[in-house]
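# Per-entry structural report
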Amino acid sequence: MAEFNDKVAIVTGGALGMGSITAYEFAKSGASVVVADIDSSAGEQRVARMRDNGLSALFLQTDVSVAADCERAVASAVAEFGGVDVLFNNAGIQPPDSYLNVEDTSEETWDKITGVNLKGHFLMSKYAIPEMRKRGGGMIINNASVQGLQSQPLVPAYAASKGGALSLTRQMALDYAPERIRVLAICPGTIDTEMVRTVASQEGGDIDQTLVRYGAGHPIGRIGQGEDIAALVLFLASDAASFMTGSHVVIDGGLMALGAWAGGAGGSGTDG
Ligand code: BMA
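Presented here is a report on the structure given in the accompanying data block.

Rules and cut-offs
- Residues numbered from 1 in each chain as written.
- Predicted model: local features only at pLDDT ≥ 70, side-chain atom pairs only at ≥ 80, totals over all residues.
- Heavy atoms only, no water.
- Pairing = 2+ DSSP bridges.
- Helix = DSSP H or I, 4+ residues; strand = E, 2+ residues; numbered from the N terminus.
- Axes fitted to C-alpha atoms, helices over the stretch in contact; angles between N-to-C directions.
- Contact = heavy atoms within 4.5 Å.
- Salt bridge = Lys/Arg side-chain N within 4 Å of Asp/Glu carboxyl O.
- Buried < 20%, exposed > 50% of the residue type's maximum accessible area, 1.4 Å probe, protein only.
- Polar contact = N/O pair within 3.5 Å; in protein donor to acceptor, adjacent residues only side chain to side chain.
- Core = buried A, V, L, I, M, F, W, Y, C linked by side-chain atoms within 4.5 Å.
- Right-handed = clockwise from strand over helix to strand, strands pointing away.

## Things to note about the sheet that holds strand β6 (residues 181-188)
Pairing is parallel in the open sheet, where seven strands are placed in the order β3-β2-β1-β4-β5-β6-β7. The sheet is open, and its two edges are formed by β3 (57-61) and β7 (248-251), each paired on a single side. Neighbour-to-neighbour, the strand axes of this sheet turn through a mean angle of 15°, independent of strand direction. Sheet topology places β6 next to β7; four bridges connect them, and they run parallel. Bridged to P188 within β7 is I251. Contacts between helix α2 (residues 40-52) and the sheet are confined to β2 (32-37) and β3, with β3 contributing the most and set at about 175° to the helix.

## Re the pattern of salt bridges
Per the stated rule, a full pass over the model turns up eight salt bridges. Of the charged contacts, one joins R133 and E179 as a salt bridge, the two residues approaching to 2.6 Å between their closest N and O atoms. Here R133 is found in helix α4 (residues 107-134), whereas its partner E179 is found in the loop between α5 (156-176) and β6, with 46 residues between them in sequence. The exposure class assigned to R133 is partly exposed, which follows from its relative accessible area of 40%. Two residues, R197 and D208, come together in a salt bridge whose shortest N-O distance is 3.1 Å. Here D208 lies in helix α7 (residues 207-216) and R197 lies in helix α6 (residues 194-201), a separation of eleven residues in the sequence. Members of the salt-bridge network, linked through shared partners, are D192, R197 and D208.

## What about the side chain of T105?
With respect to the helices, strands and loops of the structure, T105 is situated in the loop between β4 (86-89) and α4. A polar side-chain atom of T105 sits 2.7 Å from the main-chain carbonyl oxygen of N101. Setting aside chain neighbours within four positions, we find T105 in contact with L100, W110 and P156.

## Some thoughts on the nonpolar core
If you look at the biggest cluster of nonpolar residues, it comprises 30 residues, and the most contacted ones within it are F26, V33, M50, I141 and I186. Setting aside anything within four residues of it in sequence, one finds I141 in contact with L87, F88, N89, L184, I186, V233, L236 and A237. If you look at the next biggest cluster of nonpolar residues, it comprises 27 residues, including V64, A73, V84 and A91.

## Section: unusual backbone geometry
Positive phi is not limited to glycine here, since L154 has a value of about 70°. Its location among the elements puts L154 in the loop between β5 (138-143) and α5. Relative accessible area serves as the criterion here: at 43%, L154 is assigned to the partly exposed category. Backbone geometry at R180 places phi at a positive 60°, although glycine is not the residue there. Within the secondary structure layout, R180 lies in the loop between α5 and β6.

## Overview of the pairing of β6
Most of β6 sits inside the fold, with eight of its eight residues counted as buried. Of the two faces of β6, the one holding I181, V183, A185 and C187 and the one holding R182, L184, I186 and P188 are both buried throughout. As defined by bridge partners, β5 adjoins β6 across six bridges and the pair is classed as parallel. Counted as the bridge partner of N143 is I186 from β6. Once the chain exits β5 it traverses α5 before rejoining the sheet at β6, and the crossover so formed is right-handed.

## Looking at the environment of T114
By the secondary structure assignment, T114 is in helix α4. Looking at T114, the relative accessible area reads 14%, which means it is buried. As for T114 and Y158, which are separated by 44 residues in sequence, their C-alpha atoms are 6.9 Å apart. Discounting chain neighbours no more than four positions away, the residues touching T114 are K119, A157 and S161.

Shown next as structure tokens:
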């Protein structure tokens with residue numbers, strides 16, 4: 001696999017979850033990878049493991065809601081690896097204490113969630129696009145979750161951030177198509193990540209059992225794995241997807257195909 005030889009990819013939220021597995025797969029396919037994440041201990045560990053396996057990777061502590069951090073992440077990719085070809089805007093948060101209606105959601109919580117999940121996509125793109133232009137094109141993939149398409153109760157900031165990610169995807173795709181910069185979104189269902197495990201832990205009881213129950217709510221009968229997401233992101237970033245831009249791909253084990261009126265897929269929902 002040498003699809004991404006000489007390419008440079010930045011993966012935000014690359015320390016854990018789907019980001020970390022996607023970062024790994026990009027590097028295995030020949031790319032040099034910048035793992036950008038706020039969690040420096042997990043990020044350093046991730047990159048150390050990649051390097052131990054002979055892969056090309058760099059960790060950069062990045063709060064994607066802060067412009068200076070995003071600018072530095074892009075500058076580091078250029079300084080270390082010579083440019084930027086692929087940006088996977090994947091960093092996302094869904095704090096357990098944020099499950100509230102609009103009245104009870106504090107301005108701080110709203111700003112924090114939309115800051116990472118939406119403004120982060122904007123800021124990273126803003127700084128990466130000029131570098132992609134210098135390379136004659138590039139690829140941005142935004143993580144928009146199935147919650148960009150449908151919602152669950154009591155997640156106003158999260159839902160708005162994911163819906164916004166889909167709109168931003170379309171917008172950037174239009175504005176940069178002439179420059180051969182493709183922009184796509186992915187809409188994952190429930191994936192086995194630290195974030196989802198944190199959500200599951202709020203229910204009490206055995207987390208693995210809770211994940212099995214979430215999986216039963218997906219027509220395919222299981223939740224997704226980081227590898228499922230990595231395979232899709234690498235395909236979308238590859239030349240095989242060169243006619244794709246401005247759209248989203250749902251990767252959810254059939255979840256969005258299932259109408260709420262149909263009574264579920266034998267389980268009881270995804271995360272409550
Ligand atoms: C994600 C997160 C997960 C959830 C999944 C499917 O964005 O909200 O907690 O399981 O969507 O709804």
